Each structure stands twice: as structure tokens, then as C-alpha cells.
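As a plain string of letters, each chain reads:
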Amino acid sequence: MRSTIALSSCLLLAACAQLPPRADLPPELAPAPATTGAIAQRLSAMEESHPGQSGFRLVAAGSDAYALRAYSAEAATTSLDIQTYIWKDDLTGKLLARHALLAADRGVRVRLLVDDFPTRVHNAGFAALDAHPNLEVRIYNPLASRSGLLGKAGEFATDFRRLNHRMHNKSWIADNRIALVGGRNLGDEYFDARASANFIDLDMLMVGPVVSEVSATFDEFWNSPSTYPIAQLSPRAVSPEALQRLRDILDESLAERRASDFEHVLREDPLVQAQLAGESYLRWHSSWRFVSDESLKKRADMADRSEVMRVLLPVVRQSQRNLRILTPYFVPAANGTAELIAPVQRGVAVKVLTNSLAATDVALVHGGYMRSRRPLLRGDVQLWELRPVGTDDPEYSRMGVAGASLHTKAMVVDDEQVFVGSYNLDPRSLSLNTEQGVLLTDPAMASELTRMFEAKLQGERAWKVTLQDDRLRWSDGQQVWTRDPQAGALQRFQAWLGRVLPIESQL
């Protein structure tokens, strides 16, 4: 009886909260690349030395990734466009929101584009930011109700088909001259700022003509029928008073940063200091491929939805020597398993690093991966699973934290090609979430990413998964386990659900 009443309440709330038609808005486009200001001054000479080329650099350490975002927001003079799936209200989330607000104070046009599913809980804060005349917030595929779990549950119960599609892209574009894309959301664990577990993640820093392609993708999402101004969704929450209250909270984050270990990292990190001093480390190319799914991906036929896979699949099929894949959520299913085994049969060494059950933050998804482990191993695909141990690897962490989880989405092909993006090898990235990434041929960068990859395969950081008499084994080179090591009872139960329930297409 109680469950019936609860379900009825959810459905009633959903019926009362109907998403209105999107306001009829004129298209908005990013301005031309800035020609003045610190970013233009820093990049102009380099770009003139590399006409028609774009510059690229891997950004692995979280502190470096944060510093690049903070610096570019501080230095922007005309525009700052930020697109993200998650934006947390922790230390780095508040600091970056403050940087965006201060940029708007200087007259910079700031556009914030966030997915609604993980950020709806912060609706009041985003609405407050929207009260600034130079800052606008838009929400991708929003719920009509703006708070409360019952309303959210009711809407998913009645409109699941629409709400199941999410925007997973991450872009940070300053003055239309510099862009960061990759797997990082905005929050402490993505920037190595938590004292406990952090994510091992990766960005690609880009300058030159490629930035216009990233910017054009941002514009397509910004003007999409699936993207609503937050002022239309929560008009009463957009007010000068709310903005002032938020400004006071964000200003307090400065003192919080000064009292944190993260402040020491930012002060001592040589790459951060080099960025602040104006030094740049870029690799220049005339050829690259930036690719993004369309904002209305959900309307395409299932077989044609993923623009990212359309680019990556031929690369995998044409590989000749080796293929290294980093993916935190790995659910290849039958088709993906076959595509990974096929290169092995041609003599290609295929290595995959993903999270172990003990390290993953989504055990249900790990259950989907469990179905594919034996078929992959039988096909001689080599598997490693990241251990939930702290990392002292300076490539990724300056803090030596207690735990780590893989969040990098990247691939190295034949020691020459590199892909970095937001795309996981799972059904959700293939058909439900919008994704993006950049592919380029650069043997030196491939070597750099390979070195990072191989370092993670060592026994103290990952378990090698093998078959012995068709039974799974995990080894760190010294000890062998006969079931998923160090996983708790709840993790095992959630993974079991993901393995036995018919939900693979949702993982």
C-alpha cells in the first residue's frame, strides 16, 4: 500500500511538472578569436611560427589541469565557454565558478553549459550566476522540476526515454584561442585536490585552428532545442540578491584553498609555475580530427548515432602492431568484443586498462564488463584492472593520495596515433550519451601516453587478469586471487545485478 502511494505521488508530481516548449531564441555564436589580451599575446608568436597548424599537449596531472582552467579564465578578455557533465560545489568547483564570475565582472561573455542530471542539485547556484548580465547558464535536456527526489523520480518514470540521454562532453574554451577537452569534470577528485581517492584523468590542451572546431561544437549544443536557458526553468531563482549571496560563498573559497594541501601543490608544482610564467609545451600539427556527437544524437538511427565511434572504429580495424586502451567503464558487449579480438587475430597486441571492481565508482557498470572478460581473454585480448591504491605517480598526482580510480578515456594505436576524449567503451557512450574527442598522429605524444599507460600496468598499481583452466585469475606478480580482489560485499552485489539484469544497453 505504501509503495502504491509513493508511486502515485511520483506520477502526480511528474504530471504537474511538464517541461514547457523551449523559448524561441536567436542563435548565439562564439566571437572571433581574441586579438588582444594575455592569451592572444602569448599565443600569437607561436601560431605565426606554425601557420595553419594547431598545437597540442597532454595534461595528465590534476593540478596542472586546474591551473590551466584558472589561468585561462583569469586571462580571458572576450569569451569563456564551459561545457561539462558534472560541476561540483566543492573547493575546486567553487574556485572555478568564482573565476568564471570574475571574468564576467571584467566584461567577458561567459557561457556555462551543463547537463541537468548530475547538476540539478546545484540549480540555485547556477540560477544565481545567471543573474549576472555577462554570464548565461543553459541546461542540457532538463527536468521540469528543479529540486526534490520525488519530482525527479516521477519525471524519469513518465519520460525516461527522453531523460535517459545525457551530455557527456567536456570543453573549456577561453577567448576562442585555447581549449581543453577530455574526460575531466569539474570537482576536487578530477583535479587531485581530495585527501582521499582521486580520479586518474586526462585532458588535451589545444590552440590554433582546432579551437574553432571545438567552439563550433559548443555553439551547436548551446543553440540546440535540447538546451534550455536556466532563466526559463527557474526564473524566480535568477536574482541580484541570489547572486550576491553566491558571490560571498565563492569568495570564502579563497580562504579554504589557502588552508588546504592543494594550495601547496599549486605553489610547488613546476608545470603550474611554468604555465604562470608563460612557458608553453606544445606539439604542432597540420592534420588532426576533432569529433563530436550531435546534440540531438538521440533522434538518429541507433546504428548511426555515434560520430566518435564512426571515427575510431576504422582506426582500430586498420591497426597493424599494437592497440592500448584506457577506459574506466568497459562494457564492450558482443560486437565490441569481436572488434577487439579481430586485430589480435591479425597479430596486433591489444591491451586494455580499466577499473577493478574495488576501484570503480559504478559497480553496476562493472557487472556489464564481467560478461565480456572471459570472451576477451579467450581471444587473447590482454586485460589489466586498476587497483584502488594511492598513486605517487607525478604524471597524475602531486599529492600522493590514499586511493585512485581510472577516469581517463584514451587510446594509442601503433605507437603513432593518439585519441583523448570523453568516450567510454560502453553502450551508453555509443548510443545514449553525447561524446567527443580528438585524434591525431604524433609518435612522440603516443610514446608519452604509452609510458603513462605501461606505468599503470605494474603490479603495485594494477592486477593482470588471466584465465587458468578457463577460470579467472588476478595477479600483481606476487599474489594470485581467484575472485575480484579487495571488493566489498556491496560492490559484489551491485556488480552481480549489472551482470544478471537485462540492462546492458543502459550501462
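Computed from a predicted model, the values in this text were never measured in an experiment. (Residues numbered from 1 in each chain as written. Predicted model: local features only at pLDDT ≥ 70, side-chain atom pairs only at ≥ 80, totals over all residues. Heavy atoms only, no water.)

Considering the overall build of the chain
For the record, the criterion: Going along the chain from the N terminus, every DSSP run of H or I of four or more residues is numbered as a helix, and every run of E of two or more is numbered as a strand. Our radius of gyration looks at C-alpha atoms and nothing else; its globule reference is 2.2 Å times the residue count to the power 0.38. Any residue under 20% of the maximum accessible area for its type is buried, any over 50% is exposed, and the rest in between are partly exposed; the area is computed with a 1.4 Å probe on protein chains only. Contacts were defined at the residue level, with two residues in contact if any of their heavy atoms lie within 4.5 Å. All accessible-area figures derive from a Shrake-Rupley calculation using a 1.4 Å probe, and residue coverage is judged against the displayed protein chains alone.
Summing up its helical and strand segments, the chain has 18 helices and 23 strands in all. Computed over C-alpha atoms, the radius of gyration of the chain comes to 23 Å, within 12% of the 23 Å expected from 2.2 N^0.38 for 507 residues, which places it in the range of a compact globule. Seen through its principal axes, the chain has C-alpha atoms that stretch 70 × 65 × 45 Å. Relative to its 507 residues, the chain shows a buried fraction of 59%. A separation of at least 24 residues holds for 81% of the contacts in the chain among residues at least 6 apart in sequence. Here the chain has roughly 20,500 Å² of accessible surface; of this, 54% comes from carbon and sulfur atoms.

Here's the deal with the pairing of strand E13 (residues 322-326)
Rules: Paired strands, as defined in this entry, are two strands with at least two bridges between them according to DSSP. Seen with its strands pointing away from the viewer, a crossover is right-handed when the path leading from the first strand over the helix to the second is clockwise.
When you tally the buried positions in E13, you get five out of five residues, the bulk of the element. Because side chains alternate across E13, one face comprises the buried residues Asn-322, Arg-324 and Leu-326, and the other comprises Leu-323 and Ile-325, equally buried. As paired strands, E13 and strand E14 (residues 349-355) are joined by five bridges and run parallel to one another. For Asn-322, the partnering residue across the bridge sits in E14 and is Ala-349. At this point the chain moves from E13, through helix H14 (residues 333-345), to the parallel E14, and the crossover so formed is right-handed. In terms of strand pairing, E13 meets strand E17 (residues 410-413) through four bridges, oriented antiparallel. Opposite Ile-325, over in E17, you have Met-411 as the bridge partner.

Digging into the environment of His-366
Spelled out, the test is: Whenever two N or O atoms come within 3.5 Å, that pair is a polar contact, provided that in protein one can donate a hydrogen and the other can accept it, and provided that, for residues adjacent in sequence, both atoms are side-chain atoms.
Along the chain, His-366 turns up in helix H15 (residues 363-378). Setting aside chain neighbours within four positions, we find His-366 in contact with Asn-355, Ser-356, Leu-357, Thr-360, Arg-373, Glu-385 and Asp-484. Of the polar contacts made by the side chain of His-366, one reaches the backbone nitrogen of Leu-357; its length is 3.5 Å.

Describing a nonpolar patch on the surface
Note the following rule: Any residue with relative accessible area above 30% and no salt bridge may belong to a patch, with like charges joined within 9 Å and the nonpolar Val, Leu, Ile, Met, Phe, Trp and Tyr side chains within 5 Å. When a carboxyl oxygen of Asp or Glu lies within 4 Å of a side-chain nitrogen of Lys or Arg, that pair is called a salt bridge.
Taken together, the side chains of Leu-490, Phe-493, Trp-496, Val-500 and Leu-501 make up a nonpolar region of the molecular surface, amounting to roughly 480 Å² of accessible area. Among the structural elements, Trp-496 can be located in helix H18 (residues 489-500).

Some details on helix H4 (residues 91-105)
The criterion, for reference: To estimate the expected span of a helix, count its residues, drop one, and scale the result by 1.5 Å.
Taking 1.5 Å of rise per residue, 15 residues should cover 21 Å, and H4 covers 21 Å from first to last C-alpha, within 8% of that figure. Summarising burial for H4: 13 of the 15 residues are buried, a large majority. Backbone geometry just downstream of H4 places Gly-107 in the positive-phi region, at approximately 100 degrees.

With respect to the pairing of strand E22 (residues 471-475)
In the sheet, strand E21 (residues 462-468) pairs with E22 via five bridges, with the strands oriented antiparallel. Along E22, the bridge assignment pairs Lys-464 with Ser-475. Between the end of E21 and the start of E22, which pair antiparallel, lie two residues, with Asp-469 showing a positive phi angle near 55 degrees. Direction of pairing for E22 relative to strand E23 (residues 480-481): antiparallel, over a ladder of two bridges. Pairing of Ser-475 across the sheet is with Val-480, part of E23. Hairpin connection of E22 to E23: four residues between the antiparallel strands, including Gly-477 at a positive phi of 95 degrees.

Description of unusual backbone geometry
Although it is not a glycine, Ala-333 sits at a positive phi angle of roughly 60 degrees. Among the secondary structure elements, Ala-333 is positioned in helix H14. Assessed through its relative accessible area of 17%, Ala-333 is described here as buried.

Quick word on the layout of surface pockets
The condition is simple: Buriedness of a pocket was judged along seven lines, with at least five required to meet protein on both sides within 12 Å; pockets are open sets of points on a 1 Å grid over the protein atoms alone, cavities are sets where a 1.4 Å probe fits but cannot get out, and lining residues have an atom within 4 Å of a point. Grid points are joined across faces, edges and corners, and a volume is the space filled by probe spheres set on the points. Residue polarity is assigned by list, with Asp, Glu, Lys and Arg as charged and Ala, Val, Leu, Ile, Met, Phe, Trp, Tyr, Cys and Pro as nonpolar; anything else, Gly included, falls into the polar class.
Size it by volume and the largest pocket reaches roughly 1,000 Å³. Taken together, 43 residues line the largest pocket, and the ones lying closest to its centre are Met-309, Tyr-423, Asp-426, Pro-427 and Leu-430. Secondary-structure elements contributing two or more residues to the lining of the largest pocket are helix H7 (149-163), helix H13 (307-317), E13, H14, E17 and helix H16 (427-432). If you add up the space inside the second largest pocket, you get close to 740 Å³. Lining the second largest pocket are 28 residues, with Tyr-85, Phe-117, Val-362, Arg-428 and Asn-433 positioned closest to its centre. Elements with a minimum of two residues in the lining of the second largest pocket: helix H5 (116-119), H7, H15 and H16. The leading source of residues in the lining of the second largest pocket is H7, at three residues. A breakdown of the residues in the lining of the second largest pocket according to their chemical character gives 15 nonpolar, eight polar and five charged.

As for helix H11 (residues 261-268)
This is how the line gets drawn: In this description, the arc belongs to the directions extending from the helix axis to the C-beta atoms.
Restricting attention to buried positions, one finds in H11 the residues Phe-262, Glu-263, Val-265 and Leu-266. For H11, the buried positions fall inside an angular range of 160 degrees around the axis, keeping them on one side.

Focus on the pattern of salt bridges
Scanning all chains against the criterion turns up 28 salt bridges. In this structure, Arg-371 engages Glu-504 in a salt bridge whose closest nitrogen and oxygen atoms are separated by 3.4 Å. Note that Arg-371 is positioned in helix H15 and Glu-504 in the segment after H18, a separation of 133 residues in sequence. Of the residues examined, Glu-504 reaches a relative accessible area of 23% and is grouped as partly exposed. Ionic pairing is found between Arg-373 and Glu-385, a salt bridge with its closest N-O pair at 3.0 Å. Separated by twelve residues along the polypeptide, Arg-373 in helix H15 and Glu-385 in strand E15 (residues 382-386) bring together distant segments of the chain. No difference in accessibility class separates Arg-373 from Glu-385, as the two residues are buried. Taken together, the shared-partner salt bridges connect Arg-324, Lys-351, Asp-415 and Glu-454 into one network.

Read these as layout, nothing more, since geometry by itself doesn't imply function.
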